[in-house]
Amino acid sequence: MPDLKKKFSLLICITFLLAGPAFSQIDTIAKDFTLADTQDVKVTLFDTDDLFEITLRFDISYYKRKKSDVEYLDAVLTYFINETDSVSKNIKVRARGNIRRTGICDFPPLMLNFKMKDSEGTEFAGINKLKIVPYCKVGFEELILKEYLVYKLFNVLTDLSFRVRLFKITYINTSKEKKPLTQFGFAIEPKELLEKRINSKEITAKGASQRSIKPEILDRVAIFNYMIGNPDWSVPIQHNVLLLSPSQAASASENLAVPFDFDYSGLVNAEYAIPFESLPIKTVRDRFYMAVCRDETAFMNALSQFSAKKNDFYKVINDFPYLNARSKKEMISYLDGFFNGIGQRNSIVKKMLDDCRWFEDQANLKIR
């Protein structure tokens, strides 16, 4: 597992150095972009925060052994529409992801593939492929709940974010006579739905620099990742950040960015989460600002948006019924470290300025 992170760390550093002016020559709209089937049907799955209970029945033994992100397996998804009536649908499932799939999880992240016509009139209407973040390992359920809450925190800040829906999933292994396993997981809004919702299209070409992102959007993403202690993102290789081009963008520097995958954040505090060796921090609990520099006034203005949402952030965590009190207290305490720094004006701004100068030197992002 550490070797994987070392290799990825090197890749991150290399792409920092290569990213920049060349990106301005890249067409930011993929030539083969087509509107997905999801665009034509109203999707309601993410319109509520109600817990959604489902059952997945498939060859789990084979799935866990192969962990293939290309081979789809037959599965049956079932859920109840009332106390006596249920809906069952034949779907396909496969593994997805990188490090979680290959180096961490016994049960890797899931991709559910629906037949569009077959999903009409169900909770999954309008959805073709759906990412599920499942339990990873038995005993890791708390981490899933924490990561779900991180998505909800970013939803508080902006609609330019992935919506999520909490599931309670019962897994039935068709290859073994074994007691079903029930665990929390969550679904992530398909990117096609996000594109439609904010009237934009994904940038698929690699090589963007942070300068190609609208400044206030980049600052919000970077400060959010700083707040939650997440060093696991990169614009140039589009690692854990979706880049989007607004339909009405006037220039190439008005692109948007949406972060995702927060399991390596200090707020989640997974036992396997370690920062890249190239970063000057020892643990993911040590915050580090990984974006280009702004002046002190710009940083203070950006931070004021977070201060205004502090009570809302804390309410998301405190009102969440499925996480134990100790974990809630730990999350609140970690966020306190961020907000206390805002209260001490020189403390957090000085830290962010020091960090961004280091980052610019390493990433060769300075305007010359």
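Summarised in this report is the structure supplied together with it.

Right, let's talk about the pairing of strand 3 (residues 86-95) for a bit. Inspection of the sheet shows strand 2 (residues 73-80) paired to strand 3 by eight bridges, in the antiparallel sense. For Phe80, the partnering residue across the bridge sits in strand 3 and is Ser86. From the end of strand 2 to the start of strand 3, which pair antiparallel, there are five residues. The pairing of strand 3 with strand 4 (residues 110-113) spans four bridges and is antiparallel. Across the sheet, residue Ala95 finds its bridge partner in strand 4, namely Leu110.

Take the sheet that holds strand 2 next. In sheet architecture, strand pairing relies on hydrogen bonds along the backbone and comes in two forms, parallel and antiparallel. One closed barrel holds the seven strands; their spatial order is 1-2-3-4-5-7-6, and the pairing between them is mixed. Ignoring strand direction, the axes of neighbouring strands in this sheet form an average angle of 40 degrees.

Looking now at unusual backbone geometry. What you tend to see is this: most non-glycine residues have negative phi, and most peptide bonds are trans. Backbone geometry places Lys67, a non-glycine residue, at a positive phi of 50 degrees. By the element assignment, Lys67 lies in the loop between helix 2 (60-66) and strand 2.

A word on the environment of Glu53. Within the secondary structure layout, Glu53 lies in strand 1 (residues 52-58). Glu53 sits in the exposed class, given a relative accessible area of 54%. Discounting chain neighbours no more than four positions away, the residues touching Glu53 are Tyr79 and Lys168.

About the thresholds
- Counting starts from 1 at the beginning of each chain's written sequence and moves along it residue by residue.
- Whole-chain, interface and lining totals are the exception, using all residues; otherwise, since this is a predicted model, local features are given only for residues with pLDDT of at least 70 and side-chain atom pairs are given and counted only at 80 or more.
- Water and hydrogen atoms play no part in the side-chain values, which are based on all heavy atoms of the structure.
- DSSP calls a pair of strands paired once it identifies at least 2 bridges connecting them.
- By the criteria applied, helices consist of DSSP H or I runs no shorter than four residues and strands consist of E runs no shorter than two, each listed in order from the N terminus.
- Axis definition: a line fitted to C-alpha atoms, limited for helices to the stretch in contact. Angles are taken between N-to-C directions and run from 0 to 180 degrees.
- Per-residue accessibility, obtained with a 1.4 Å probe over protein chains only, is compared with the maximum for each type, and a residue is labelled buried under 20%, exposed over 50%, and partly exposed between these values.
- Contact definition: two residues touch when any of their heavy atoms are within 4.5 Å.

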